[in-house]
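Chain by chain, the residues run as shown.
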Amino acid sequence: MLKGRHLIGPGDFTIEELDSLFCLAERIQDDPRYLRKACEGKVLATLFFEPSTRTRLSFEAAMLRLGGNCLGFAEPGSSSAAKGESLADTARIVSGYADAIVMRNPKEGAALLASRYAAVPVINAGDGGHHHPTQTLTDLLTIKRLRGAVAGLTVGFCGDLKFGRTVHSLAKALTRYPRIETVFISPPELRAPDYIKAELGAPFLETDSLEKVIGELDILYMTRVQRERFFNEEEYIRLKDSYILTKEKMRLAKKDLIILHPLPRLNEIAPEVDEDPRAAYFKQAVYGMFVRMALLSSILGCV
Ligand code: NCD
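What you are looking at is a predicted structure, and each value in this text was computed from that prediction instead of being measured.

A closer look at unusual backbone geometry
Peptide bonds are trans in most cases, and residues, glycine excluded, mostly fall at negative phi. Along the chain, leucine 263 connects to proline 264 via a cis peptide bond; the corresponding omega equals 10°. One can find proline 264 in the loop between strand 9 (258-260) and helix 11 (281-299). One non-glycine residue, leucine 35, lies in the positive phi region at around 65°. Position of leucine 35 relative to the elements: it lies in the loop between helix 1 (15-30) and strand 1 (43-48). If you check the backbone angles, leucine 263 has positive phi at about 65° while not being a glycine. Structurally, the position occupied by leucine 263 is in the loop between strand 9 and helix 11. Residue class for leucine 263 comes out buried when judged on its relative accessible area of 13%.

Description of the domain arrangement of the protein
Domain assignment breaks the protein into domain 1 (15-132 + 288-299) and domain 2 (133-285). The distance between the C-alpha centroids of domain 1 and domain 2 comes to 25 Å. Between domain 1 and domain 2, a total of about 2400 Å² is buried, with carbon and sulfur atoms accounting for 54% of that surface. Considering only the surface of domain 1 that becomes buried against domain 2, Phe22, Arg54 and His132 emerge as the three largest contributors, covering 28% of it. At the surface where domain 1 touches domain 2, the tally comes to five salt bridges. Linking arginine 229 and glutamate 50 is a salt bridge whose minimum nitrogen-to-oxygen distance equals 2.8 Å. If you list the elements that add at least two residues to the side of domain 1 that touches domain 2, you get helix 1, helix 2 (54-65), strand 3 (100-105), strand 4 (122-127) and helix 11. By residue number, the principal contributor to the side of domain 1 that touches domain 2 is helix 1, which donates eight residues. Here the side of domain 1 that touches domain 2 is composed, by residue class, of 11 nonpolar, 11 polar and seven charged.

Overview of the nonpolar core
Leu140, Phe157 and Leu295 are the most contacted members of the largest nonpolar core, which has 57 residues in total. It is helix 11 that provides the largest number of residues to this core, a total of nine residues. Taken together, domain 1 (15-132 + 288-299) and domain 2 (133-285) each give at least three residues to this core, which thus spans both. Core analysis: the second largest hydrophobic core is formed by 20 residues, Ile214, Leu217, Tyr243 and Leu257 among them.

Re the site of the ligand
Taken together, Thr55, Arg104, His132, Gln135, Arg165, Thr166, Arg224, Gln226, Pro262, Leu263 and Pro264 form the complete shell of residues around the ligand. With respect to the ligand, the side chain of arginine 224 contributes an N or O atom lying 2.8 Å from an oxygen atom. Between the ligand and the protein, one listed contact pairs a nitrogen atom with a backbone N or O atom of proline 262 at 2.8 Å. When the ligand sits alone it has 320 Å² of accessible area, and the protein chains cover 93% of it. When its residues are assigned to classes, the shell around the ligand shows three nonpolar, five polar and three charged. When residues are assigned to domains, the shell around the ligand turns out to be shared by domain 1 (15-132 + 288-299) and domain 2 (133-285), each giving three or more.

Some words on helix 1
The α-helix advances 3.6 residues per turn, and as a result positions three or four apart in sequence lie on the same side. Counted at 1.5 Å a residue, the expected span for helix 1 with its 16 residues is 22 Å, and the 22 Å between its end C-alpha atoms agrees. Restricting attention to buried positions, one finds in helix 1 the residues Glu17, Leu18, Leu21, Phe22, Leu24, Ala25, Glu26 and Ile28. On its buried face, helix 1 sits against helix 5 (133-147) and helix 11.

Description of the side chain of asparagine 124
The residue asparagine 124 is located in strand 4 in this model. Of the residues examined, asparagine 124 reaches a relative accessible area of 0% and is grouped as buried. Polar contacts involving the side chain of asparagine 124 include one to the main-chain carbonyl oxygen of isoleucine 8, which spans 3.0 Å. Within the local environment of asparagine 124, its side chain forms a polar contact with the side chain of aspartate 127, the two groups lying 3.0 Å apart. With residues near it in sequence (within four places) discarded, asparagine 124 still touches Leu7, Ile8, Met103, Ala111, His131, Pro133 and Thr134.

Here is what the cut-offs are and how they apply
- Residues numbered from 1 in each chain as written.
- Predicted model: local features only at pLDDT ≥ 70, side-chain atom pairs only at ≥ 80, totals over all residues.
- Heavy atoms only, no water.
- Helix = DSSP H or I, 4+ residues; strand = E, 2+ residues; numbered from the N terminus.
- Buried < 20%, exposed > 50% of the residue type's maximum accessible area, 1.4 Å probe, protein only.
- Domains from an automatic or database assignment.
- Buried area = accessible area lost by both parts, 1.4 Å probe.
- Salt bridge = Lys/Arg side-chain N within 4 Å of Asp/Glu carboxyl O.
- Nonpolar A, V, L, I, M, F, W, Y, C, P; charged D, E, K, R; others polar.
- Core = buried A, V, L, I, M, F, W, Y, C linked by side-chain atoms within 4.5 Å.
- Near = heavy atom within 4 Å.
- Polar contact = N/O pair within 3.5 Å; in protein donor to acceptor, adjacent residues only side chain to side chain.
- Areas by Shrake-Rupley, 256 points an atom, 1.4 Å probe, with all protein chains shown as cover.
- Expected span 1.5 Å × (residues − 1).
- Contact = heavy atoms within 4.5 Å.

Below is the structure:
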């Protein structure tokens, strides 16, 4: 069903396609031998023009666990981008070497552009402050695994909602599920962009106070203030610690709240919260590899 498809934005796959992807990811997680050699002989190119730990390594781990191979670069300085090669040419050339391309780039729209020139599926691993659809797959699978279903939840997004691409993608994806209430929690300077709010096509609440709303939430999605997207370092320093989730604040939250974070975490979640059974962000990172195994085996037609 997903064979040969690109994944550029959070709305590219239908709910049914997402459901079958999540079922596949659960099956792979529950039976480590399943699909162990499914992608034998296939090659994945990981082209990372921006820093990454989880996304790149979980994609590479996913491909290796499926019996495939990986090549690529982890920073643009070591590729011909440093010589001024266009993304279109890079995409064309890498298509001759690999069966799929995973790309992260600081420019919004970069993955979409690459997909127009690539002869193989392109997966967007983050395009500037725009979208990050495979983090959304990770987030939805985590919610599904921990809550049983993605429905009837009040989801709070907290932190840098302006530049946080994981927020943009997940908020948009969630509007397609039943009875989801969205709460945006940020300082006025870091509110979600209007184009994202318009794309939601559903009502939402906006506030600058985490304390006021934390007691209502089923999911709290914390985010890092995205220093690399600020024009002004002083502004970053002023805003970086706007929210710090502590044990004390967690006393106001529901007993079955789930705390998510795409990671890396800086100060926004105090390490003392890690012991709280409601902290799910480390589990979330592990689910990310299984959902990427499901994604790769599906788009490569190996399942
Ligand atoms: C996120 C990203 O790159 O957007 N990281 C990730 O992929 N897990 C979040 C972030 O960098 O803050």
